[in-house]
Amino acid sequence: MTATAERPATEIGKDRRRKEDQRLITGRTRWTDNITLPGMLHLAMVRSPFAHAKIVSIDTSAAKSAANVVAVYTGKDLGEEQGVNANAWPLTLDQVTPNHQPMPAAEVAFAGEIVACVVARSAAEARDAAELVDVEYDELPAALDLKEAADDKVLAHTDLATNKTAFWQLDSAGQGTGRAIDEVIDEARADGIVIEREFRQQRLIPAFMEPRSTVVDPTGEQITMWSATQIPHILRFLLAATTGVPESKIRVIAPDVGGGFGGKLQSTPEEWVTWFVARRLGKPCKYTETRSESLMSGHHGRDQWQKLTLAATKEGRVTGLKVDLLADLGAYVALVGGGVPVLGAWMFNAIYKWDAYQFNVTPVLTNKVWVDAYRGAGRPEATFGVERMMDELAVELGKDPLEVREMNWIKHDEFPFTTVAGMTYDSGNYEAATAKAKEMFGYDALREEQRARRESKDKVQLGIGISTFTEMCGLAPSRVLGSLNYGAGGWEHASVRMLATGKVEVITGASAHGQGHETAFSQIVADRLGVPFEDVEILHGDTQIAHKGMDTYGSRSLVIGGEALVLAADKVIAKAKPIAAHLLEANVDDLEFSAGRFTVKGTDQGTSIADVALATFASHNYPEGVEPGIDAEATYDPVNFSFPHGTHLCAMEVDTETGETTMRKYVAVDDVGNIINPLIVDGQTHGGLVQGIAQALWEEAVYDDSGTLVSGSLVDYLLPTAADTISFEVEHTTSPSTTNTLGTKGVGEAGTIASTPAVVNAILDAVRHLGVEDIMMPCSPARVWNAIHTAAAKGSSTEGAAMPHFDAAEPGQSTTHRESPSVGTSGQAEGAGQ
């Protein structure tokens with residue numbers, strides 16, 4: 001049979017349904033909570049109702065005497081043996097880092113912190129007995145408001161002298177990538193435009209589908225932990241590094257994991273407590289949180305105040321951007337912690353060409369649950385800020401916001417382009433993505449409809465929102481991370497095994513929790529080795545099987561993990577080639593490999609890689625001096641981040657009498673490089689869009705004045721369903737990455753990063769002519785209504801304006817300097833409810 005006849009269809013680029021879905025949708029999954037071991041005990045946590053308090057005493061006697069209770073532990077019982085929740089990214093050498101014990105013995109720093117643990121023979125009995133633990137507290141003042149906490153009015157930890165953990169700056173003048181920011185702003189004040197704004201990034205909750213769960217079995221030669229985690233390899237390292245147990249004696253398994261979105265990128269107090277109790281009792285132990293515990297004690301995301309200053313010429317060319325952030329860390333500096341806002345430092349400059357840029361961030365401790373990575377991690381916050389500012393500039397100029405963006409963005413023939421922040425973007429085509437998005441959206445027609453509605457004073461106004469974004473994906477290279485004081489590398493590891501039957505076993509250090517790794521990775525390996533897609537099996541998430549790995553976060557799986565697979569597969573081919581030459585009695589240099597076959601050049605003589613695998617297994621006819629084996633492994637450390645980009649356009653209708661907002665149309669055109677599986681990419685895009693839109697319209701973690709999370713259930717924390725969203729129109733342009741073999745870029749976070757500013761810009765565009773300058777997220781009907789009526793009460797309405805922008809000045813008319821309007825013109829206080 002010829003090589004052409006044997007060649008399977010090209011896998012890369014094919015709409016393959018996900019391999020993993022069959023077991024997921026038929027209930028054959030193995031979630032951590034499904035795991036049952038002989039003699040297994042169950043844990044329930046006793047949590048503080050206070051945001052900040054001294055622990056005076058804990059009476060566990062009633063709980064210990066309850067039915068089937070085996071033990072009750074407090075922080076004093078665990079002592080120093082309980083380990084510590086580590087911070088892997090200290091921003092500065094002098095960072096203020098509170099001691100984060102899994103179960104404190106003296107002082108609690110947020111409502112929901114663990115103060116005791118009940119161990120019983122069933123989960124129900126453990127929860128019942130936990131109600132019997134009597135804790136006496138001495139309540140302390142709580143630092144809850146971010147700005148007040150930054151002023152140290154109330155300290156979040158009594159043993160620390162300040163709430164400010166660090167100060168970190170990126171300055172274009174200091175690193176030689178641009179001019180001094182103050183000089184550029186002063187020039188714009190004298191003969192240009194300066195716009196100052198302050199934006200609020202509300203606190204969000206990852207709200208993954210599967211609550212966190214942990215099982216620890218200490219009874220074998222190894223201590224085995226099953227956990228609903230994104231980071232089994234990092235978790236094993238942290239357990240070994242902080243408890244003294246050799247890493248070789250620890251096995252961590254992430255079985256099927258029901259979503260994470262960064263919320264399971266953590267070593268949790270519950271994991272440490274379960275580990276400790278299992279070792280102390282010598283029996284398997286399980287802890288599974290309730291939904292309310294998940295919302296109350298799992299880490300949160302976002303939560304920033306952003307003060308932005310933009311300088312531009314009278315014509316609208318941006319010249320400088322200064323960013324000052326206050327970032328709420330919550331009660332502790334988490335695993336990535338203060339590094340999350342820093343990830344935005346290279347993205348506030350976005351796709352635009354600036355002369356000067358400065359980014360400043362002060363992370364602040366408060367008495368709320370700690371903040372860490374949430375889908376996008378620093379980059380959604382940055383994109384929101386800069387895209388809001390580009391709209392503000394367009395309003396100031398009286399120009400179409402797309403026109404303002406186009407005159408400032410990097411052109412496709414300027415790549416590779418080194419930005420004012422020091423990043424080198426390898427490829428992109430913002431013009432192509434925008435042109436396609438405009439066509440799909442019907443941009444000009446919608447602008448005409450908007451104009452007509454304004455002229456007719458329609459009670460339902462139409463707004464158009466724009467977000468032209470880029471992001472950095474991959475969280476690598478390792479040397480760059482090291483220079484930033486990050487505690488881990490950015491590489492990824494993979495192994496490819498050719499089995500004697502011709503099947504392929506692939507082991508990856510990436511750990512899936514819904515991304516479709518098993519499908520996309522199978523497509524890559526099937527194409528590389530020329531074997532059927534069905535013959536490739538992907539193994540992951542078990543440190544005993546995948547002995548090396550850096551796990552899954554930051555849209556790194558494909559651009560780093562996929563490249564490791566390519567390297568390993570290519571090594572398999574290289575190792576198989578001399579064996580194939582021997583079997584064919586040919587010279588190695590005369591062999592070609594294509595579509596899974598080695599052939600002798602100019603002939604139809606050949607053998608398949610599967611035949612080579614079988615011959616290697618038997619080793620009966622083997623070349624001298626060649627190792628009998630073609631399995632291979634590889635570790636890949638990228639030379640740069642990848643930079644997907646896109647143009648998102650959103651049309652929102654706003655009822656000016658009720659404040660109700662309705663999404664009319666949403667178009668997303670993303671450039672994620674070469675696409676492995678379009679079906680998976682579209683799924684990731686749709687999911688990301690919903691999460692970003694949810695921040696704009698619905699979601700907010702709200703604390704009351706005492707530090708209690710009042711949005712601590714899905715009744716109060718407003719998650720959207722399919723019924724709350726429309727059908728999005730998704731398309732792609734392609735500018736392959738030049739820094740990896742596959743030409744791929746990340747996609748998992750793109751929708752979330754781009755959609756929030758597109759929606760908010762659309763809502764503001766609908767009511768800007770009524771005098772509304774800003775609405776704090778989420779843009780609930782009450783906030784929109786209040787913003788409209790507050791503006792009307794101030795007498796700033798300019799109803800009937802023909803232009804689609806409020807208070808438009810003629811281009812180049814006069815020097816303009818506008819002070820920041822009040823954030824949240826609805827008049828609601830920070831953290832106000834829906």
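Our subject is the structure that appears above.
Not measured: the values here are computed from a predicted model.

K.L.:
Where do I start with the overall build of the protein chain in this structure?
P.N.:
Of regular secondary structure, the protein chain possesses 23 helices and 29 strands. Computed over its C-alpha atoms, the radius of gyration of the protein chain comes to 28 Å, within 12% of the 28 Å expected for a compact globule of 834 residues. If one aligns the C-alpha atoms of the protein chain with their principal axes, the spans along those axes are about 90 × 80 × 50 Å. Of all 834 residues assigned to the protein chain, the portion counted as buried reaches 62%. Contacts spanning at least 24 positions in sequence make up 80% of the contacts within the protein chain whose residues lie at least 6 apart. Mean positive and mean negative side-chain charge positions of the protein chain (72 and 113 charges, respectively) differ by 2 Å.

K.L.:
Please explain the packing of aromatic side chains as it appears in this structure.
P.N.:
Centre distance and the angle of the planes are the two values used to describe a pair of aromatic rings. Within the structure shown, the criterion is met by 17 aromatic pairs. With a centroid separation of 6.0 Å and an interplanar angle of 90°, the aromatic rings of Y73 and F276 are classed as edge-to-face. One end of the pair, Y73, is in strand β3 (residues 69-74); the other, F276, is in helix α10 (residues 269-281), with 203 residues separating them in the sequence. Each member of the pair, Y73 as well as F276, is classed as buried. Ring plane angle 75° and centroid distance 5.8 Å describe the contact between Y666 and F728, whose orientation is recorded as edge-to-face. In this pair, Y666 sits in strand β27 (residues 661-671) while F728 sits in the loop between α21 (678-697) and β28 (729-732), placing the two residues 62 residues apart along the sequence. Each member of the pair, Y666 as well as F728, is classed as buried. In this structure an aromatic cluster arises from ring pairing among W168, W346, F348 and F359. The ring of W305 has K147 sitting right over it, with the charged end atom 4.1 Å from the ring centre. The residue whose ring lies beneath K548 is W491, and the NZ or CZ to ring-centre distance is 5.5 Å.

K.L.:
Teacher, can you tell me more about the layout of surface pockets here?
P.N.:
Quantified by volume, the second largest pocket comes out at close to 560 Å³. Breaking the lining of the second largest pocket down by element, the ones donating at least two residues are β1 (41-47), α5 (123-130), β6 (134-139), β12 (285-288) and α11 (291-297). A per-element tally of the lining of the second largest pocket places β1 first, with six residues. Partitioned by chemical class, the residues of the lining of the second largest pocket number 14 nonpolar, seven polar and six charged.

K.L.:
How should I be thinking about unusual backbone geometry in this particular structure?
P.N.:
Most peptide bonds take the trans configuration, and most residues that are not glycine carry a negative phi. Between A476 and P477 the backbone carries a cis peptide bond, its omega angle lying at 5°. Take P477: it is sitting in the loop between β18 (460-470) and α17 (478-483). Cis peptide bonds are those with omega within 30 degrees of zero, and the linkage from M777 to P778 qualifies with -5°. Here P778 shows up in the loop between α22 (750-767) and α23 (781-793). Its identity as a non-glycine residue notwithstanding, A207 has a phi of 50°, on the positive side. Examined against the element boundaries, A207 turns out to sit in the loop between β8 (193-204) and β9 (213-217). One non-glycine residue, A350, adopts positive backbone phi at about 55°. Summarising the element assignment, A350 is placed in the loop between α12 (339-343) and β15 (356-365).

K.L.:
Sorry, what's going on with the sheet that holds β9 here?
P.N.:
Remark on secondary structure: sheet strands pair via backbone hydrogen bonds, oriented parallel or antiparallel. Taken in spatial order, the seven strands line up as β3-β5-β1-β12-β9-β10-β11 in an open sheet, and their pairing is mixed. Every other strand in the sheet has two partners, leaving β3 and β11 (250-253) as the edge strands with one partner each. Strand-to-strand twist of the sheet, defined as the mean angle between neighbouring strand axes without regard to direction, takes the value 20°. Here β3 runs beside strand β5 (residues 114-120); their pairing, made up of five bridges, is antiparallel. Across the sheet, the residue bridging to V72 is V118, located in β5. On top of the sheet, α5 reaches β1, β3 and β5; it is set at about 25° to β1, its chief contact. Most of the contacts of α10 go to β1, to which it runs at about 130°, and overall it touches β1, β3, β5, β9, β10 (223-227), β11 and β12.

K.L.:
Would you mind going over the pattern of salt bridges with me for this structure?
P.N.:
Here the idea is simple: oppositely charged side chains can pair when their charged atoms come close. Under the definition given, this model contains 52 salt bridges. Taken together, the salt bridges that share partners define one network made up of R47, R212, E270, E289 and E293.

Conventions used here
Residues numbered from 1 in each chain as written. Predicted model: local features only at pLDDT ≥ 70, side-chain atom pairs only at ≥ 80, totals over all residues. Heavy atoms only, no water. Helix = DSSP H or I, 4+ residues; strand = E, 2+ residues; numbered from the N terminus. Rg over C-alpha atoms; globule rule 2.2 N^0.38 Å. Buried < 20%, exposed > 50% of the residue type's maximum accessible area, 1.4 Å probe, protein only. Contact = heavy atoms within 4.5 Å. Lys, Arg positive; Asp, Glu negative; His and termini not counted. Charge placed at Lys NZ, Arg CZ, Asp CG, Glu CD. Phe/Tyr/Trp six-rings, centres within 6.5 Å; stacked < 30°, edge-to-face > 60°. Lys NZ or Arg CZ within 6 Å of the ring centre and 35° of its normal. 1 Å grid on protein atoms, 1.4 Å probe; cavity = no way out; pocket = protein on both sides within 12 Å on 5 of 7 lines; lining within 4 Å. Points joined across faces, edges and corners; volume = space filled by probe spheres on them. Nonpolar A, V, L, I, M, F, W, Y, C, P; charged D, E, K, R; others polar. Pairing = 2+ DSSP bridges. Axes fitted to C-alpha atoms, helices over the stretch in contact; angles between N-to-C directions. Salt bridge = Lys/Arg side-chain N within 4 Å of Asp/Glu carboxyl O.

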